[in-house]
Amino acid sequence: MGVPARLSLAALLAVALTSSSLAPVYADLGWLVRVLGGIVVVVGSGALARAAGLPPLLQPVAMVLGHGAYVLVVFASSTLDYGLLPTTETFRLLDGTLGQGLRDVELLGPPVPSSPGLVLLAVLGTGAIAVTVLICAVILRRVAVAGLPLLLLFAIASAVLPDGLGLLPFVLGAVGWLGLLLAEGSDRASRWGAPLPAATRSAAEAGLGRVSRRIGMAALGVAVVVPAVLPGLDGGWLGSGSGTGQGGGARTTTTYNPITRLAGQLRLPEPQTLLTYRAKDAKYLRLTTLDVFDEASGWSSSELSGDLGEDAVQRGIPTPVGQSAIGTRRVQTEITISDQLGGPWLPVPFPPSDIDIQGPWIWDAEAETAFSTRTQVSEVDEPYVVDATPVEPTPALLRAVSDVPEEIRQTYAQPPAVSDYVRELVARTTAGQSSDYDRVVALQALFRNPANGFRYDDEAATPGINAPDALENFLRGRVGFCEQYSSAMAAMARALGIPARVAVGFVPGRSLGGDRFEVTTDDAHAWPEVWFAGAGWVRFEPTPRDGEVLTPTYSTPAVEPDPAAGPSAAPAPTSSAAPGSPGNTEALDRGEPGSSAVTPGAGSRGDGGLSPAWLVTPALMLLAAAPALLAAGRRRARWRTPGPLTAWSLLQDDAEDVGHRWRPADSPRAATEHLLSSWKLSPATTAALHRLTAAVEQARYARPTGTGPKVGVGSSGVGGGAQALRRDVSRVRAGLLAAAGRRARWRARVLPSSSLRWAALRLGNATTGWLDRGERIRSGLRRRVLRHRPMGAHRAS
């Protein structure tokens, strides 16, 4: 096989392995065959171009044309004349597929489905990477530079995942690039110097093979270690571990920002039906809530968390925190999802009390969101029924003064950093209001009152929530859509220290007659929610979207209340367990003070069986203690051969463990002086160190016993007996630990570098030894095959 062919196959393997970085981005492997097929076509087109004698300048053109033909056949074969020739309809179909893929990129977040548009983008991207790698490696012979496009493929996939790609894709990509380097290095080494005889060449090739394998093992070791120390590379095998495995235990999900999807839905050229529902009256349907606000990056959601055993929606929905037994009514809604609605959130009327649905759906009680880490809402084939108990508060209840629980205040009421303009506008708007409820109503009226000049426009060019100073820009420009209005009002409420968040979902939609309603992409909506004791989270409507949003009656009081009524007119809220308190599972890994740091299910299973934590915790403890146990075992084993040399080697390890730079070329006396000049040791430790130095000098340089005058090493000799040596080594070790800092002491005890270095050397030698044995076996088999080949076959070769 020629050198270009070997490099082409190595490039094919490198790009294919690096494309594994796409696996965490997609929800399934529907993209894999088409992506790998495109890479094979690019490599094959380059090989055919070389075989046809095309000059190097035209070979990339042949690769691009081959890949383009592959794209036409795979994604638009039905529009080709005679199955080969593209038509106008072909390019129209490809343009539509590509446009849909670009829209999905804007709207969706990982893991995304293997839709035609998204797979087409992956095929085009990996094809371009393959062409670039072949140009660098095969045409220009700059194999090292070929790692840059491979790194680009890895970086692009990593950029869309908030917790990184994980270890396995990085290692696979590194192995692919290493194979490409070894293929080029073998060719370069074969061209060094004069030709060698067959026997000498076999020996030289075996030596080069051993060297290259050892270099490869070292490089692969670096590839394994780098993700653990490099910021942005997650330590898991495939991302953050928010996977979709089976069984009990905690499940978390990191999803794309729903408000970004909302903005894209409102701007679609034609509305698409997302769901239909049956109910006695129209109602809002909520997907999820956003609780984190930053002026520069806008609103986002904390990580959703829950346990399939404890928090499955089939086990019932707990009463929202802060909601007491006030006037509510139970309503039932039957919802049918279309395949146009994506994402992991289940749309439900708020607040639900029961959700009758099949599948692995979890209820996050703090975000009050039904979600799944194992499926998408578009995969819900059957209608599901939700029983809800909507809150019907009165202004009197909402005006009632009551303390806000600390966990609610810490998570939802911390005043954000806003500009002076926003702070002054909030103060002017709420001036003279005596209760939090009246202040919130005043904020809503600021946006709803036509005299203030705010207007609704879903094509507004005003910067949205995801830009610096966006809040002030919106309040000055006074034009936007529900994204800006809900975000602004919730942020302004928090500026007053009032608990607020943003909910994302849908307005009621249009009636289809009777009790049936249809919700389309035009009905995507966001609204602020404010927490009040006794009512829980209460919806407000600042968006001036007349005719499409329903302004709650409690948010527009007709008359001022009678001050004489006082707070006592409102029913007192009933007590309820706060999130994170014993016996309550509502605080689910949100990270707020007072909540457990362990997600529900981490220490128990819904089926009552033995928790995996009982097995994982001892294993982790044993793994953490392994280096210290290894050091203790080595120390015990080495003292089985007592003597000054053993004592001196242990002293060297102890010095290195506390961070001392031991110079191998130093004599024992020079090493002692260097140690004493570097560390402040006590007189007793210094004396013990001098005794060890004298003992090792005598062992190294004195005349052997029996050939001259006796030099005693017993209890009366220079070094003393074995027990004296052990006492001196222990005394010096204790002195070094006492002189070292606290961090160095812990590192020397828990992660002794000398034992770790010894273990790495033994493992490397064992690995290369096994590789050398495999090479000898392969060479022996090869010699046997050549020895038994017919003479004619030798001549033909």
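The structure presented is a predicted model; accordingly, all values stated were derived computationally and were not measured.

Q: In this structure, what is going on with the overall build of the protein chain? I would like to understand it.
A: Scanning the protein chain from N- to C-terminus turns up 23 helices and 18 strands. Taking all 797 residues of the protein chain together, 45% fall into the buried category. Contacts in the protein chain between residues at least 24 apart in sequence constitute 73% of all its contacts with a sequence separation of at least 6. A total accessible area of about 39400 Å² is found for the protein chain, and carbon and sulfur atoms account for 59% of it.

Q: Just to check I follow, could you spell out the pattern of salt bridges for this structure?
A: Two side chains of opposite charge can pair, provided their charged atoms sit close to one another. Within this structure, the stated rule accounts for 22 salt bridges. A salt bridge links E368 to R501; the shortest N-O distance between them is 2.4 Å. Taken together, the residues E368 in the loop between β9 (362-364) and β10 (369-371) and R501 in strand β14 (residues 500-506) connect sequence positions 133 residues apart. With respect to burial, E368 and R501 carry one shared label: buried. Among the charged side chains, a salt-bridge network with shared partners connects R286, E368, R501 and E529.

Q: Explain the environment of E392 here, please?
A: Along the polypeptide, E392 turns up in the loop between β11 (384-388) and α10 (395-399). A C-alpha to C-alpha distance of 8.5 Å links E392 and R329, two positions 63 residues apart in sequence.

Q: Where do I start with the pairing of β14 in this structure?
A: Along any regular strand the residues' side chains alternate between the sheet's two faces. With seven of seven residues buried, β14 lies mostly within the body of the structure. The alternating pattern of β14 places A500, V502, V504 and F506 on one face and R501, A503 and G505 on the opposite face, and all of these are buried. Both β14 and strand β17 (residues 524-532) contribute to a ladder of seven bridges, which runs antiparallel. In the strand pairing of β17, R501 is matched with E529.

Q: Got a minute to help me understand the side chain of R634 in this structure?
A: Within the secondary structure, R634 is located in helix α16 (residues 613-638). When its relative accessible area of 14% is taken as the criterion, R634 is described as buried. In this structure, R634 is in contact with D653, S754, S755 and W758, ignoring residues within four places of it in sequence.

Q: Can you help me understand the sheet that holds strand β2 (residues 273-278) in this one?
A: Strand pairing in a sheet is mediated by backbone hydrogen bonds. Such pairs are either parallel or antiparallel. Taken together, the six strands give an open sheet; going across it, the order is β8-β11-β7-β2-β16-β15, and neighbouring strands pair in antiparallel fashion. Looking at the sheet topology across the chains shown, the edges are occupied by β8 (352-356) and β15 (510-513). Ignoring which end each strand starts from, the neighbouring axes of this sheet average 25 degrees apart.

Q: Would you mind showing me how to read the nonpolar core here?
A: The nonpolar side chains of soluble globular proteins are, as a tendency, buried together. Within the largest apolar cluster, 43 residues are counted, with the highest numbers of intra-cluster contacts made by V15, Y26, F75, V123, V133, L134 and L180. Among the elements of the structure, α1 (3-18), α2 (32-51), α3 (59-76), α5 (116-139), α6 (147-159) and α7 (167-190) are those that each provide at least two residues to this core. Per-element accounting of this core gives the leading share, 13 residues, to α5. Formed by 38 residues, the second largest nonpolar core is a distinct cluster that contains L290, V418, A488 and A491.

Q: Whenever I open this one, the packing of α1 against α6 confuses me. Can you help?
A: Two quantities define a packed helix pair, namely the angle between the helix axes and the distance between the axes. Running from N to C, α1 and α6 point in directions that differ by 15 degrees, and their axes come no closer than 10 Å. If you check the angle between α1 and α6, you find them roughly parallel. Classified by chirality, the crossing of α6 by α1 is right-handed. Counted together, A14, V15 and T18 of α1 and L150, L153 and F154 of α6 form the full contact between these two elements. Class assignment for the residues of the contact of α1 with α6 results in five nonpolar, one polar and no charged.

Q: Sorry, what's going on with the sheet that holds strand β18 (residues 536-539) here?
A: The antiparallel open sheet is built from four strands, whose spatial order is β3-β14-β17-β18. Both edges of this open sheet fall to β3 (285-290) and β18, since each of them pairs with a single strand only. Going across the sheet, the axis of each strand differs from the next one's by a mean of 35 degrees, ignoring polarity. In the sheet, β17 pairs with β18 via four bridges, with the strands oriented antiparallel. Following the sheet pairing, W531 is matched in β18 by W537.

Q: Can you walk me through the environment of P499 in this structure?
A: Structurally, the position occupied by P499 is in the loop between α15 (482-495) and β14. P499 sits in the buried class, given a relative accessible area of 3%. The spatial distance from the C-alpha of P499 to the C-alpha of E529 is 8.5 Å, given a sequence separation of 30 residues. If sequence neighbours within four positions are ignored, P499 has contacts with V404, I408, Y412, A413, E529, V530, W531 and W537.

Q: Looking at this structure, how should I read the packing of helix α17 (residues 644-657) against helix α22 (residues 753-787)?
A: Relative to each other, α17 and α22 sit at 110 degrees, their axes nearing to 7 Å. Of the possible angle classes, the one that applies to α17 and α22 is roughly perpendicular. On α22, the residues that touch D653, E656 and D657 of α17 are S753, S754 and R757.

Parameters at a glance
- Residues numbered from 1 in each chain as written.
- Predicted model: local features only at pLDDT ≥ 70, side-chain atom pairs only at ≥ 80, totals over all residues.
- Heavy atoms only, no water.
- Helix = DSSP H or I, 4+ residues; strand = E, 2+ residues; numbered from the N terminus.
- Buried < 20%, exposed > 50% of the residue type's maximum accessible area, 1.4 Å probe, protein only.
- Contact = heavy atoms within 4.5 Å.
- Areas by Shrake-Rupley, 256 points an atom, 1.4 Å probe, with all protein chains shown as cover.
- Salt bridge = Lys/Arg side-chain N within 4 Å of Asp/Glu carboxyl O.
- Pairing = 2+ DSSP bridges.
- Axes fitted to C-alpha atoms, helices over the stretch in contact; angles between N-to-C directions.
- Core = buried A, V, L, I, M, F, W, Y, C linked by side-chain atoms within 4.5 Å.
- Parallel < 35°, antiparallel > 145°, perpendicular 65-115°, else oblique.
- Left-handed = near helix turned anticlockwise from the far one by under 90°.
- Nonpolar A, V, L, I, M, F, W, Y, C, P; charged D, E, K, R; others polar.

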